[in-house]
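Notes for the structure review
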Amino acid sequence: MTALITRDELKAAIDAGTVTLVDALGGEYHAKQHLPGALALTPAEVDARAPALLPDRAAAIVTYCSNPACPNSGQVADRLIALGYTNVRKYREGIEDWTVAGLPTESH
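What counts and how
- Residues numbered from 1 in each chain as written.
- Predicted model: local features only at pLDDT ≥ 70, side-chain atom pairs only at ≥ 80, totals over all residues.
- Heavy atoms only, no water.
- Core = buried A, V, L, I, M, F, W, Y, C linked by side-chain atoms within 4.5 Å.
- Buried < 20%, exposed > 50% of the residue type's maximum accessible area, 1.4 Å probe, protein only.
- Helix = DSSP H or I, 4+ residues; strand = E, 2+ residues; numbered from the N terminus.
- Pairing = 2+ DSSP bridges.
- Right-handed = clockwise from strand over helix to strand, strands pointing away.

This brings us to the nonpolar core. Leu10, Leu21, Leu35 and Tyr91 are the most contacted members of the largest nonpolar core, which totals 15 residues. By residue number, the principal contributor to this core is helix 1 (residues 7-16), which donates three residues. Judged by nonpolar contacts, the second largest core, of 14 residues, contains Val22, Leu41, Ala50 and Leu80.

The sheet contact formed by strand 1 (residues 3-4) and strand 5 (residues 88-91) spans two bridges and is parallel. Residue pairing in the sheet places Leu4 in a bridge with Lys90 of strand 5. Pairing between strand 4 (residues 61-64) and strand 5: four bridges, direction parallel. For Ile61, the partnering residue across the bridge sits in strand 5 and is Val88. The handedness of the strand 4 to strand 5 crossover, carried by helix 4 (residues 72-82), is right-handed.

Distances and angles like these do not, on their own, reveal function.
Right under this line is the structure:
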């Protein structure tokens, strides 16, 4: 099972610039609202896009989607691990938790 990261831990990592965020919702959801600097990568895209999007397999990566009921972040994290990424964690609570806490998001 993918290791988890808390909101506070994630905010500290974002503030320090030590993490790559992966929005597992992608598409319109990503365009409308995502965590700061997050890259869009859905489960169906991982095999094709991960090597170019995430070239450093040892980098700290955190996946997230909308909330704990959303399976996408776990699917993306599991696939990244299967592809050889060694430092992948999941923000299980997702963007709903992030926005309820009043933390910043971005849109395109």
